[in-house]
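Structural characterization, general
Residue-level listing of the chains:
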Amino acid sequence: MVVFLFIGLSFSLAQDYGDAIAVGSIGDARTLVPILASDSASAEVCGMIFNGLVKYDKDINLVGDLADNWEIKEEGLVIIFHLRRNVFWQDGHPFGARDVEFTYKKLIDPNVKTPYSGDFERIKSLEVIDDYTIRVTYKEPFAPGLASWGMSIMPKHILEKEDLNTTSFSRHPIGTGPYKFKSWKTQEKIELVANPNYFQHRPYIDRYIYRVIPDESTIFLELQTQGVDSAGLSPLQYTRQTGTAFFKKNYRKFRLPSFGYTYLGYNLNNPKFKDRRVRQALNYAVDKEEIIKMALLGMGRVASGPFIPESWAYNKNVVPAPFDPIRAKELLGQAGWQDTNGDGWLDKDGEIFEFTIITNQGNEERAKVAQIMQRRLKDIGIKVKIKIIEWSVFLTEFIDKRNFQAVLLGWALGREPDNYDIWHSSKTKEGEFNFIGYKNEEVDKLLIEARCTFDQGKRSAYYQRIQEILYGDQPYMFLYVPDGLSVLHNRFQGIKPAPIGIGYNFIDWWVPKSQQRYKIR
Amino acid sequence: MGIIPLLLGITVISFIIIHLAPGKPTSLQQALNPKVSQEVRLRLEKLYGLDKPLRIQYINWLHKLVKFDFGRSFGDDRPVVDKILERIPVTLTVNILSLLFIIIVAIPLGVKSAVKPNHAFDKFVTIFVFIGFAVPTFWLALLLMNLFGIKLGWLPISGIKSLDFEYFSLGQKIMDYLRHLILPIFVSSLGGLAGISRYMRSSMIEALGQPYIYTARAKGLTENTIIYKHALRNAILPIVTILGLSIPGLLGGSVIFESIFALPGIGRLFYEAVMMRDYPLIMAEVVLGAVLTMLGNLIADISYAYVDPRIRYRKQA
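Numbering of residues starts from 1 in each chain and follows the order in which that chain's sequence is written. Chains and ligands are labelled by the order in which they are written, letters from A for the one and numbers from 1 for the other. Given that the model is predicted, a residue must reach a pLDDT of at least 70 before its local features are reported, and side-chain atom pairs must reach 80 or more before they are shown or counted; all residues, however, enter totals for whole chains, interfaces and linings.

Details of the overall build of chain A
- Where helices and strands are cited, they refer to DSSP runs of H or I of at least four residues and of E of at least two residues respectively, numbered from the N terminus. Scanning chain A from terminus to terminus reveals 18 helices and 20 strands.
- Taking the principal axes of its C-alpha atoms as reference, chain A extends roughly 85 × 60 × 50 Å.
- The exposure label follows from counting other C-beta atoms within 10 Å of a residue's C-beta, where the C-beta atoms are placed from the backbone and the thresholds are 20 or more for buried and 12 or fewer for exposed, leaving partly exposed in between. Residues counted as buried form 44% of the 521 residues belonging to chain A.
- The contact rule is simple: place each C-beta atom from the backbone, and if two of them lie within 7 Å, those residues are in contact. A separation threshold of at least 6 residues defines the contact pool for chain A, and within that pool the share at least 24 residues apart is 68%.

Structure below.
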């Protein structure tokens, strides 16, 4: 008993409550109705206020959040969730199965402007068995469905009679999460305060302030006055501008894997790119290490497929092709591309090898990557033009209509590796994501098998094979996985970087009393 | 009464132009998110009424407009009017204060330059205001932020309030607000100084060359009376026109400037609306701009009559 008390005491002495964190962001949230939030700012704030049934732990495994545990039955057709008891909404109302049912109904309601209905429309029925048990039956086994239950659950008792599209809840949300909403000044800041009754434990940091500063240089200046405590950094800022004594004294920098990759996608309807040897040749001709060094100042890794190395779906046996322009020329020669008239450009049937890379405006990094590729391809006799297009036009007129030869883009990935929508040959209609027009029967089959399998070991085997095929086929030139660069004030303690990042244990972060900057609560 | 057809014309043209511009609103919110299927996007398009023919969309919009209903933003489904109203205070404060600052500084500068044209003072002012006019705002802003915010630590860098604003006393609040406004107002005024002071200078030089100034001098009036009572009154007329025309500008803002200082103003609202193809918001801003421009012209006309007795009396005669 004495020992127990002693431990308890030293524990409370070790971690102080109080202080605030001011996070700098270039964009404001749009709505705090979680199922409508499609931008990263809204999603980030919603993540502090709400919980899903499941979440990812630090090693990127799915664990329970509002669900205590779950059972997968009937070969994956049915998932039974057992919910956590004694969870309360921030207004004191108890949380239960009815809230989950309500959230599901809103997700599939055709009048609700949610972009997330896709995964939930695969559900045949959802039954509330008792206050803390839910049975979800799918039309067919759907492994990514489990991760889709990371969707934030909304309170039925508050929203039942509201129109979700226009409800005032979007600016005064109430959730089950570690932070409670306090105020929102449009384009200025969103302020949250610690939820003392959070079901895990009360967060140590009292206030969470999401500051909107649309200009990256201003955020950087604000870091120097300590007006923001955490912000993302550009590779330039990370490598060259944060080495000062001031930054070393006050901030801690983080370089963590980001979940995404940048690629050059070929329009496979284009006769030039139909030939696999041509695509492989281009891959040999471009030096990815050089791109990372020049465009990212070294802050990234060469990609070897559609999964990042931290993912369980990643196949480490797929080794990126080396930079080998001689091999590239050989392959192109086999495909019939040779410089027959000695003008320096490869040609075939009297036509020189020429294509245009398009990318979106407002992304310096991609513009640089395109230029480096242009130079390397010129070396082997391929003429590349670059066209940079405004985002909305880029999407509707070029991507959706498949009106391009090669496109330089990136995918931001979720933790769930299912990428059916990007690679399956049925997803090539206007506005769908296989806009390069990739079709491979084995990949199609593997994608379907992988999404029907719940066993992670077996699923992983399918995805590893997919990665092998894709890297061999080169429908994309897989370029790099950029590093996520950020900076955090060093008064925050308890940060433990892990494969998923640093934010996963935010409620355990704390600041020693003597170093707290924001004393008012 | 010519105002209404004019306004209608403006709305028709802007409606057509923004809809003709390539790009679609629904594709932007969920752009390239593999979790958002094409069916969902089509459904959203329908919910926003974008599947209807353009003229029906315009008529629907006009129907609501006559009831002063500008509709809801595509971005977050809030009423467009709310979104604009919450941005007006900051924009208006910064713009009015910087306009005042410009008037207070530029008019005396122009007058002083005109009294002794091409002397040292005039030349210095010319160089100074043109540098101010030519310097890129964002660059100057960053330099000043670095100097006053970081090196000297006198002023806050961005935003309009401190993070602990709610806990301040009234006096502290006012001080905090003013401190945040100093740099934005200085930077936004600098570009305007050149124009107004140059106009003032040339119109003053012209006025000082008029025969009635000789008469005034002959009467033995003091130099100050001649300049400020006789010449200035006549010289100020063109300035009134320019100020009248800057009224719609009071509710406009610069994207770059607002972004750098993190001010939640109208400029960025409009810019983001255009980038997102948020049609209801764009149309509301267009109407607002059009109305204000007409209003500005009207005010300029009325104030002519006030400052120039010739116009006033001609009407009565």
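Next comes the rest of the account.
Considerations on the overall build of chain B
- Helix and strand content of chain B: 17 helices and 0 strands.
- Compactness check: chain B gives a C-alpha radius of gyration of 25 Å against a globular reference of 20 Å for 317 residues, more than 25% above the reference.
- For the C-alpha atoms alone, the extent of chain B along its principal axes is close to 85 × 60 × 35 Å.
- By the burial criterion, 33% of the 317 residues in chain B qualify as buried.
- Of the contacts made within chain B by residues no fewer than 6 positions apart, 71% connect residues no fewer than 24 positions apart. Computation of the radius of gyration draws on C-alpha atoms, with the globule rule given as 2.2 Å multiplied by the number of residues to the power 0.38.

Side note on the confidence of the model for chain A
- Confidence of the prediction at every residue is given by pLDDT, a number between 0 and 100. Put simply, chain A has an average pLDDT of 91, and 97% of its residues get 70 or more.
- Counted against residues more than four places away or in other chains, residues 1–12 of chain A, with its pLDDT under 50, gives 0 contacts.

Looking at the interface of chain A and chain B
- Counting from both sides, the interface comprises 44 residues of chain A and, opposite them, 41 residues of chain B.
- Looking at the side of chain A that touches chain B, the elements that each hand over two or more residues are α4 (117–120), β10 (207–212), α7 (216–224), α15 (391–399) and α16 (420–423) of chain A.

Notes on the sheet that holds strand β7 (residues 133–138) of chain A
Residues and elements named next belong to chain A.
- Should DSSP find at least two bridges between two strands, the strands are regarded as paired. Taking strand neighbours across the sheet as the criterion, the 4 strands line up as β4-β5-β7-β6 in an open arrangement whose pairing is antiparallel. Of all the strands in the sheet, just β4 (67–73) and β6 (123–130) have a single pairing partner and so form its edges. Ignoring which end each strand starts from, the neighbouring axes of this sheet average 15° apart.
- Sheet topology note: the β6/β7 ladder contains 6 bridges and is antiparallel. Each bridged residue has a counterpart across the sheet, and for D130 the counterpart in β7 is T133.
- Here the axes come from fitting lines to C-alpha atoms, over the contacting stretch only for helices, and the angles between their N-to-C directions go from 0 to 180 degrees. The sheet strands contacting helix α3 (residues 97–108) are β5 (78–83), β6 and β7, and the helix crosses β6 at an angle near 160°.

Re the pairing of strand β17 (residues 354–360) of chain A
Residues and elements named next belong to chain A.
- Looking at chain direction, β17 and strand β18 (residues 383–389) are connected through 7 bridges and run parallel. For N360, the partnering residue across the bridge sits in β18 and is I389.
- A crossover gets the label right-handed when its path from the first strand over the helix to the second runs clockwise, viewed with the strands pointing away from the viewer. Chirality of the crossover, the property in question, places the unit of β17, helix α14 (residues 364–379) and β18 among those that are right-handed.
- Here 2 bridges tie β17 to strand β19 (residues 406–412), and the two strands are oriented parallel to one another. Within β19, the position partnered with I357 by the bridge is A406.

Topic: helix α4 (residues 54–66) of chain B
- For α4(B), built from 13 residues, the straight-helix expectation of 18 Å at 1.5 Å per residue is met to within 8% by its first-to-last C-alpha distance of 19 Å.
- Directly beyond the C-terminal end of α4(B), a positive phi value near 55° is found at B:F68. For a helix, the expected span equals 1.5 Å multiplied by the number of residues minus one.

Points about the packing of helix α9 (residues 170–208) of chain B against helix α11 (residues 223–235) of chain B
All names here are of chain B.
- At a closest axis distance of 8 Å, the pairing of α9 and α11 adopts a crossing angle of 125°. Of the possible angle classes, the one that applies to α9 and α11 is oblique. Considering the relative orientation of α9 and α11, their crossing is right-handed. Contacts between α9 and α11 pair M200, S203, M204, A207 and L208 from the former with A231, N234 and A235 from the latter. Geometric relationships in this document are graded by angle, where less than 35 degrees denotes roughly parallel, more than 145 denotes roughly antiparallel, 65 to 115 denotes roughly perpendicular, and other angles denote oblique. Should the near helix be turned anticlockwise from the far one by less than a right angle, the crossing is left-handed, and should it be turned clockwise, the crossing is right-handed.

A short note on the environment of A:G118
Residues and elements named next belong to chain A.
- Within the secondary structure layout, G118 lies in helix α4.
- The exposure class assigned to G118 is partly exposed, which follows from the 19 C-beta atoms found within 10 Å.
- Residues G118 and A450 lie 332 residues apart in sequence; the distance between their C-alpha atoms is 18 Å.

Topic: the pairing of β6(A)
- In terms of residue burial, β6(A) counts as a barely covered element, since only 0 of its 8 residues are buried.
- The antiparallel hairpin formed by β6(A) and β7(A) contains 2 residues in its connecting segment.

Comments concerning unusual backbone geometry
- Although it is not a glycine, A:N86 sits at a positive phi angle of roughly 55°.
- With respect to the helices and strands, the residue A:N86 is situated in the loop between β5 and α3.
- Taking the C-beta count within 10 Å as the criterion, A:N86 has 8 such neighbours and is therefore assigned exposed.
- Of note in the backbone geometry, B:A262 takes a positive phi value of approximately 50° without being a glycine.
- Among the secondary structure elements, B:A262 is positioned in the loop between α14 (255–260) and α15 (266–276).

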